[in-house]
Amino acid sequence: MNKKVIALFLVLSSLALAQTVSQNAPMPQDHTSYQGMPGMQHNMPGMPQMENPAQTTGSQTPAADLLKDVVGRPAMHLEEFQQFALSTNPTLRQATALVRQSSAQARQAGLYPNPSVGYEGEEIRGGSFRGGEQGAFVQQTFVLGGKLGLRRDVFEQQRREDEIGVSEQRYRVLSDIGQSFYSVLAAQEVVKVRQRLLSLSMDAVTTAHQLANVGQADAPDVLQAEVEAEQAKVDYTAAQRMFLQAFHGLAALVGKPELAVTPLQGELEHSPQIDPEQILDQIVRNSPSVKRAQQDITRAQAELKSAKRESVPDLQIRVGFEQNFEPLHEMTGTPVGLQGFGTATISLPIFNRNQGNVTAARADLERAEAEVSRVQLSLRQTAQPLLQTYLTDQAQAERYRNEMTPRAQRAYQLYLAKYKQMGAAYPQVLVSQRTYFQLQVGYITVLENLWISAIALQNYTLSSGLDAARPSGTASTTVNLPTSGGGGAN
């Protein structure tokens, strides 16, 4: 008699025996424990001692479906999140405001000093002078040496540096958005993998119970199948939570914390290609951080030139008219009448030649020159681990895709088919199933890390898109106040 006939006989015998048992020995009401259940002694003669084959796992506590309302919503692409960020991210507005601030400071620094007007009187007590001399004057400070233009140029160079800062901040924001987007996309793929694993685990429970009914599965097999199904439920719920967490973080980054959770649309497996021979040189040469440091040298040079010229004194001119009431002759009493006056004043740069500020400006220039080298070295230091991680993940992704995952899938399918045909033990199926799905999750993780490294390298290793924009120079609002007679920058 062949195996198929024997199996059919066993199935029919088991069903007949189960019907007899159900009529003579009612099932217990408490299904929370397998040990000591009534009916355990009613198995077929010669069969191994079995647990209750009708027991199912988690019938009262199904896996939580946290994304049931999300699935039906339209999927969003990376470009949509980028557009949100470019219009709502507060750090970009900060960076733009810094440009306007520096531009306004440049305009203020070049404004000419206000003139002064006033009253002047001498010997105004009267007496024999008949009221003395009374009149008005106008006073104006003339800024010499082109100091106003040099002061303005300092803030103009600062404005150009802040404009580069806008580009730098844009790269920071886009880098964070890209990395966060693909992290969410990877979390979404993990949810799908966990969902498939849960479905297969529940099918395995059903299969284990069916085989137990005909005596082809032991109690440990049934229990292990149920434990694996419960673990799959836990993993599925955790994966959904991870997706929700990652999506809300992405929404906050783009400035839309109220954004409803939606599926993402993207190609996780098609990672960007990076030339490892050129990427480091491109980062050091084209990074906005380096360009900003180079522009800071120009600003420091303008500051030094302005500081040297500040020793040139300004010219103060004061002119006016007054009415002289003093009589020309005692006999006639005719007053002198209207007369004019004028003064010219210039300070002598003897003690204060702005030598301290010149030295300070020269030191600031040295600092700016060293900053370029520091930024370039820092970029190389930051980019090198990212590049090596990218190359490592690229090789791993290829192995996962072409070698490991296909083999693990085939092994699982073969073991599962043998198990259903009673030709393999359940632990073998379980091990192959774990290996296959662990490799799938591992593959997704490698792809996520590959995208993160590639995006960071493409954006010159810049990140921290929610950190406040950094001003290039002073944020003072007291530049060249209207009350500063010399027109200098305070």
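Residues numbered from 1 in each chain as written. Predicted model: local features only at pLDDT ≥ 70, side-chain atom pairs only at ≥ 80, totals over all residues. Heavy atoms only, no water.

(A) Local environment of the overall build of the protein. Helix and strand counts for the protein come out as nine helices and four strands. Counted from the first residue to the last, the protein has its helices and strands arranged as α-α-α-β-β-α-α-α-α-β-β-α-α. In the protein, which comprises 490 residues, the proportion classed as buried is 41%. With an accessible surface of roughly 26,900 Å², the protein has 55% of that area assigned to carbon and sulfur atoms. (Helix = DSSP H or I, 4+ residues; strand = E, 2+ residues; numbered from the N terminus. Buried < 20%, exposed > 50% of the residue type's maximum accessible area, 1.4 Å probe, protein only. Areas by Shrake-Rupley, 256 points an atom, 1.4 Å probe, with all protein chains shown as cover.)

(B) Looking closely at the environment of aspartate 65. Structurally, aspartate 65 is set in the loop between α1 (3-24) and α2 (78-88). In this structure aspartate 65 comes out as partly exposed when scored by relative accessible area, which is 41%. Distance in space between the C-alpha atoms of aspartate 65 and lysine 233 is 10.0 Å, their sequence separation being 168 residues. Beyond its immediate stretch of four places on either side in the chain, aspartate 65 contacts Tyr236 and Gln240. (Contact = heavy atoms within 4.5 Å.)

(C) Representation of the side chain of serine 289 within the structure. Within the secondary structure layout, serine 289 lies in helix α7 (residues 288-309). With a relative accessible area of 11%, serine 289 lands in the buried category. Beyond its immediate sequence surroundings of up to four residues, serine 289 is in contact with Glu168, Val375 and Leu462.

(D) Quick look at the packing of helix α8 (residues 355-420) against helix α9 (residues 426-458). Axis separation between α8 and α9 bottoms out at 7 Å; the angle between their running directions is 160°. Here α8 is positioned roughly antiparallel relative to α9, judged by the angle of their axes. Crossing geometry of α8 relative to α9 is assigned as left-handed. When the residues that make up the contact of α8 with α9 are grouped by side-chain class, the tally is 24 nonpolar, 13 polar and two charged. (Axes fitted to C-alpha atoms, helices over the stretch in contact; angles between N-to-C directions. Parallel < 35°, antiparallel > 145°, perpendicular 65-115°, else oblique. Left-handed = near helix turned anticlockwise from the far one by under 90°. Nonpolar A, V, L, I, M, F, W, Y, C, P; charged D, E, K, R; others polar.)

(E) Structural context of the sheet that holds strand β2 (residues 133-142). Here four strands make up an open sheet; going across it, the order is β1-β2-β3-β4 and the pairing antiparallel. Across the chains shown, the open sheet's two edge strands, defined by having one partner strand only, are β1 (116-122) and β4 (335-346). Neighbour-to-neighbour, the strand axes of this sheet turn through a mean angle of 20°, independent of strand direction. (Pairing = 2+ DSSP bridges.)

(F) Molecular detail of the side chain of glutamate 120. Looking at the secondary structure, you find glutamate 120 in strand β1. When its relative accessible area of 16% is taken as the criterion, glutamate 120 is described as buried. In this structure the side chain of glutamate 120 is engaged in a polar contact, spanning 2.6 Å, whose partner is the side chain of arginine 318. Other than its neighbours up to four places away in sequence, glutamate 120 contacts Glu133, Gln134, Gly135, Phe137, Arg318, Glu322 and Phe341. (Polar contact = N/O pair within 3.5 Å; in protein donor to acceptor, adjacent residues only side chain to side chain.)

(G) Structural context of the packing of helix α4 (residues 147-213) against α8. Two elements in contact, α4 and α8, have axes separated by 11 Å at closest approach and are oriented at 25°. On the basis of the axis angle, α4 is roughly parallel to α8. Here Leu200, Thr207, Ala208 and Leu211 of α4 lie close against α8, whose contacting residues are Tyr412, Tyr419 and Lys420. Counted by class, the contact of α4 with α8 contains five nonpolar, one polar and one charged residues.

(H) Representation of the pairing of strand β3 (residues 315-327) in the model. Where β2 meets β3, ten bridges bridge the pair, whose relative direction is antiparallel. Counterpart to glutamine 139 in the pairing with β3 is arginine 318. Here eleven bridges tie β3 to β4, and the two strands are oriented antiparallel to one another. Within β4, the residue paired with asparagine 324 across the bridge is glycine 337.

(I) Quick look at the pattern of salt bridges. Counted under the stated rule, the structure contains 20 salt bridges. Close ionic contact of arginine 151 with glutamate 310 constitutes a salt bridge, the shortest N to O distance being 2.7 Å. Highlighted residues: arginine 151 in helix α4 and glutamate 310 in the loop between α7 and β3, separated in sequence by 159 residues. By relative accessible area, arginine 151 is classed as buried at 6%. We note a salt bridge from glutamate 163 to arginine 159, for which the minimum N-O separation is 2.6 Å. (Salt bridge = Lys/Arg side-chain N within 4 Å of Asp/Glu carboxyl O.)

(J) Looking closely at the environment of alanine 424. Within the secondary structure, alanine 424 sits in the loop between α8 and α9. Separated by ten residues in sequence, alanine 424 and leucine 414 place their C-alpha atoms 9.5 Å apart. Alanine 424 has contacts with Tyr415, Lys418 and Tyr419, leaving out every residue within four places of it along the chain.

(K) Quick look at the confidence of the model for the protein. With 84% of its residues at a pLDDT of 70 or more, the protein has an overall mean of 84. This model gives residues 1-53 a pLDDT under 50, and the stretch forms 51 contacts once residues within four places in sequence are excluded. (pLDDT = per-residue confidence, 0-100.)

(L) Summary view of the environment of alanine 136. With respect to the helices and strands, the residue alanine 136 is situated in strand β2. In the structure, alanine 136 is positioned 15 residues away from glycine 121 in sequence and 8.4 Å away in space, judged by C-alpha atoms. For alanine 136, the residues in contact, after removing those within four places along its chain, are Gly118, Tyr119, Gly320, Phe321 and Phe341.

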